[in-house]
Amino acid sequence: SFCTICRGNWHPGAPCTHIDDRTVKGMRAELQALKDAKGAKGKQEEARMQFLQSNIDTLMSEKQIIANTKKCPNCRSAIEKDGGCNKM
C-alpha cells in the first residue's frame, strides 16, 4: 500500500516526511492540465481537482513544518521558536 498524498509507502498517523519537489510539481501540473482542459468538467474532474489541491496544500504545510520546527522535548509536538527569551 501507499500514501495517496505523497505517493510513498503507507505511514498511517505519521506525516509525509519524504516530500520531494517532483511530487508537488507533478500534482500542480496535473491540476493545471485539468483547469486548462476545454469543455464542461464532470463530477470526476471536479473531485480530482479538489483532491489534488487538498494534497498540494497538505504537502506544502508538512514541508513547512518539517523545515521550520523541532519536536518539543516533553510532548514531541512540532514547535517553532520565533524569537525572544524562551522563559515564561
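All of these numbers come straight from a predicted model, not from anything done at the bench.

## Looking at the confidence of the model for the protein
Here is step 1: Averaged over all residues, the pLDDT of the protein equals 81, while 90% of them reach at least 70.
Here is step 2: Ranking the elements of the protein by mean pLDDT puts strand S2 (residues 78-79) last with 84 and helix H2 (residues 43-68) first with 88.

## Description of the nonpolar core
Here is step 1: Ranked by size, the top nonpolar core spans 11 residues in total: Cys3, Cys6, Cys16, Val24, Met27, Leu31, Leu34, Met49, Leu52, Ile56 and Leu59.
Here is step 2: At the level of secondary structure, the elements contributing two or more residues to this core comprise helix H1 (21-36) and H2.

## With respect to H2
Here is step 1: The first and last C-alpha atoms of H2 sit 37 Å apart over 26 residues, in line with the 38 Å expected at 1.5 Å per residue.
Here is step 2: For H2, the full list of buried residues reads Met49, Leu52, Asn55, Ile56, Leu59 and Glu62.
Here is step 3: Summarising the contacts, the buried residues of H2 are in contact with H1.

## Overview of the pattern of salt bridges
Where charged atoms from two side chains of opposite charge approach closely, those side chains can pair.
Here is step 1: Throughout the structure, instances matching the rule amount to 1 salt bridge.
Here is step 2: In this structure, the salt-bridge partner of Arg48 is Glu30, at a minimum N-O distance of 2.9 Å. Here Arg48 is found in helix H2, whereas its partner Glu30 is found in helix H1, with 18 residues between them in sequence.
Here is step 3: Glu30 gets classed as partly exposed once you look at its relative accessible area, which sits at 29%.

## A short note on H1
Side chains of residues three or four places apart in an α-helix project in the same direction, reflecting 3.6 residues per turn.
Here is step 1: For H1, spanning 16 residues, the distance from its first C-alpha to its last is 22 Å, which sits close to the expected 22 Å at 1.5 Å a residue.
Here is step 2: Those residues of H1 that sit buried are Thr23, Val24, Met27, Leu31 and Leu34. Viewed end-on, H1 has its buried residues packed into an arc of 95°, placing them on one side of the element. Exposed side chains of H1 directed beyond 90 degrees from the buried face belong to Arg22, Lys25 and Asp36.
Here is step 3: Elements in contact with the buried residues of H1: H2.

Procedures and definitions
Residues numbered from 1 in each chain as written. Predicted model: local features only at pLDDT ≥ 70, side-chain atom pairs only at ≥ 80, totals over all residues. Heavy atoms only, no water. pLDDT = per-residue confidence, 0-100. Helix = DSSP H or I, 4+ residues; strand = E, 2+ residues; numbered from the N terminus. Core = buried A, V, L, I, M, F, W, Y, C linked by side-chain atoms within 4.5 Å. Buried < 20%, exposed > 50% of the residue type's maximum accessible area, 1.4 Å probe, protein only. Expected span 1.5 Å × (residues − 1). Contact = heavy atoms within 4.5 Å. Salt bridge = Lys/Arg side-chain N within 4 Å of Asp/Glu carboxyl O. Arc of directions from axis to C-beta.

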